[in-house]
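Secondary and tertiary structure notes
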Amino acid sequence: MNRQKPLVTAIFTGGTIAMKPDAGSGGVVPKLSAAEILNSVPDLENIARVETVEFGRYPSPHITPEIMLQLSRLAQYHAERPEVAGIIVTHGTDTLEETAFFLDCTLKTSKPVVVVGAMRNSAEADWDGPRNLRDAVIIASRHEAQDYGTLICLSDVINAASEATKTDATDINTFASMNFGPVGRISNSSLFLYRKPVHRDHFDVKELPAFVPLFKCYAGMEGGLVKLCRENGAAGFVIEGFGAGNVPPPVFYDLVECVKQGLPVVLVSRCPVGRIEHTYAYEGAGKQLYEAGVIFADYMNGQKARIKLMCALGAGYGIEEIRRAFEWASLQENDKF
Ligand code: ASP
């Protein structure tokens, strides 16, 4: 161990980066220990000292907001240790963007936090885990990566957790910020950071709200689904509307009812790129939704808007504070006039 190198805390949660074949189930499952994964990474001692924390061996579809909150508290604890330069979280890629964004929204630290995973398991010839983990250690150990919030790094590409989404079900270069592009790259083991995340939030989450469902609109979508969730205690709703933010009439009336009952309803687009607007005025269109009190989440995708809404509710925000948190870009634009 080289005492001159920065200390990085790596928290292992599972995912494909920790997977190998399992004879019993006939498929791959998270089985590798933190030490086994770390030992596969070449030349680490020349970059940083890495200490490991075994958080769990979850496939990421098993990750819940409660687990994210525990993870955030653990990461916060390590980030506050003066001797720690940065934090890494290993995670399955399926829900990685949600956990990474939850950390971005809840951690209070200027230290680098990097969430990393792999798209190939350890039995495959092109296992990308060691390379991605090595890149994450490079980022987490560097003071240049301070104040970027939580980052995601796979396949040399560094994205902001507040912007990136999983774009390809199987390709190793799967994370992209569809609206804004990467914040940086790792090239030949060197760190290049080009820009800061477009926008970041911080929420002091005390307690998670009851469930917040996410609905995706489809042609001919029936009414009643939103109502069912409302009657079963949903604390708020995120709806992926069509195009620039329009929903079928039966869904519109369900949403209006939620707003009337004081529940936050956040609208995003089901399109992978672009922002929502309130120009169309027909039944169920953006203008009607806006005038009814639906909150507009600008360019954000549905799964991120849901995390943000949960964090805002968890921090005790009321409807108007939630609106300001989501509509920050429109508010800035309106301030100019
Ligand atoms: N396919 C996933 C992964 O890449 C499995 C998971 O998310 O745990 O890690």
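Our subject is the structure that appears above.
What to know about the sheet that holds strand β8 (residues 157–160)
The eight strands lie next to each other as β4-β1-β5-β6-β7-β8-β11-β12, forming an open sheet whose pairing is mixed. Strand pairing shows two members of the sheet lacking a second neighbour, β4 (49–58) and β12 (190–193), which therefore form its edges. Direction aside, neighbouring strands of the sheet carry axes that sit 20 degrees apart on average. Pairing of strand β5 (residues 84–90) with strand β6 (residues 113–116), which is carried by four bridges, proceeds in the parallel orientation. Looking at the pairing, I88 lines up with V114 of β6. Along the sheet, helix α2 (residues 65–79) makes contact with β1 (7–14), β4 and β5, crossing β4 at roughly 165 degrees. This element, helix α3 (residues 96–106), spans β5, β6 and β7 (150–154) of the sheet and lies at about 150 degrees to β7.

Some thoughts on the side chain of E97
Tracing the chain through its elements places E97 in helix α3. Classification of E97 by relative accessible area gives buried; the value is 4%. Polar side-chain contacts of E97 include one of 3.2 Å to the side chain of Q303. Contacts of E97, omitting those with residues within four sequence positions, involve I152, A161, A164, T165, K166, F175, N301, Q303 and K304.

A word on the sheet that holds strand β13 (residues 214–216)
Pairing in this open sheet of four strands is parallel, and the strands run β13-β14-β15-β16 from one edge to the other. The open sheet has two free edges, formed respectively by β13 and β16 (295–296), since each of these has just one partner strand. Across three bridges, β13 lies against strand β14 (residues 237–241) in parallel orientation. Paired with F215 across the bridge in β14 is I239. Contacting β13, β14 and β15 (265–269), helix α8 (residues 302–314) crosses the sheet at an angle of about 160 degrees to β14.

A look at the layout of surface pockets
The volume enclosed by the largest pocket comes to roughly 270 Å³. Contributing to the lining of the largest pocket are 21 residues, with T165, M178, C271, P272 and N301 lying nearest its centre. Only β9 (165–166) and α8 provide two or more residues apiece to the lining of the largest pocket. The element best represented in the lining of the largest pocket is α8, accounting for three residues. The residue makeup of the lining of the largest pocket, split by class, is six nonpolar, nine polar and six charged.

Describing the site of the ligand
Every residue lining the ligand is accounted for by G15, T16, M19, P59, S60, P61, G92, T93, D94 and A118. D94 is positioned with one of its backbone polar atoms (N or O) 3.0 Å from an oxygen atom of the ligand. Here A118 contributes a backbone N or O atom positioned 3.1 Å from an oxygen atom of the ligand. Within the complex, the protein chains bury 86% of what would otherwise be the 260 Å² of accessible surface of the ligand. Along the lines of polarity and charge, the residues of the shell around the ligand split into four nonpolar, five polar and one charged.

Quick look at the pairing of β7
β7 sits mainly inside the fold: five of its five residues count as buried. Residues of β7 alternate between two faces, with T150, I152 and L154 on one and L151 and C153 on the opposite face, all of them buried. Note: β6 against β7, three bridges, orientation parallel. Paired with V113 across the two strands is T150, which belongs to β7. Note on the crossover from β6 through helix α4 (residues 129–140) to β7: the handedness is left-handed. Of the strand pairs in this sheet, β7 and β8 are connected by four bridges, and their pairing is antiparallel.

Description of α8
Here α8 contains 13 residues, and its C-alpha end-to-end distance of 18 Å stays within 8% of the 18 Å for a straight helix at 1.5 Å per residue. For α8, a buried count of eleven out of 13 residues is recorded, marking the element as mostly surrounded by other parts of the structure. Among all positions of α8, only G302, K304, A305, R306, I307, K308, L309, M310, C311, A312 and G314 are buried. By the N-cap criterion, in which a side-chain oxygen at the helix start approaches the backbone nitrogen of a residue two or three places on, α8 is capped by N301, the distance to Q303 being 3.3 Å. Looking one or two residues past α8, G316 carries a phi angle of roughly 85 degrees, positive in sign.

Some words on the pairing of strand β2 (residues 19–22)
Pairing geometry for β2 and strand β3 (residues 27–30), over four bridges, is antiparallel. Paired with P21 across the two strands is V28, which belongs to β3. What sits between β2 and β3 in their antiparallel hairpin is a turn of four residues, with G26 showing a positive phi close to 75 degrees.

The rules behind the values
- Residues numbered from 1 in each chain as written.
- Predicted model: local features only at pLDDT ≥ 70, side-chain atom pairs only at ≥ 80, totals over all residues.
- Heavy atoms only, no water.
- Pairing = 2+ DSSP bridges.
- Helix = DSSP H or I, 4+ residues; strand = E, 2+ residues; numbered from the N terminus.
- Axes fitted to C-alpha atoms, helices over the stretch in contact; angles between N-to-C directions.
- Contact = heavy atoms within 4.5 Å.
- Buried < 20%, exposed > 50% of the residue type's maximum accessible area, 1.4 Å probe, protein only.
- Polar contact = N/O pair within 3.5 Å; in protein donor to acceptor, adjacent residues only side chain to side chain.
- 1 Å grid on protein atoms, 1.4 Å probe; cavity = no way out; pocket = protein on both sides within 12 Å on 5 of 7 lines; lining within 4 Å.
- Points joined across faces, edges and corners; volume = space filled by probe spheres on them.
- Nonpolar A, V, L, I, M, F, W, Y, C, P; charged D, E, K, R; others polar.
- Near = heavy atom within 4 Å.
- Areas by Shrake-Rupley, 256 points an atom, 1.4 Å probe, with all protein chains shown as cover.
- Right-handed = clockwise from strand over helix to strand, strands pointing away.
- Expected span 1.5 Å × (residues − 1).

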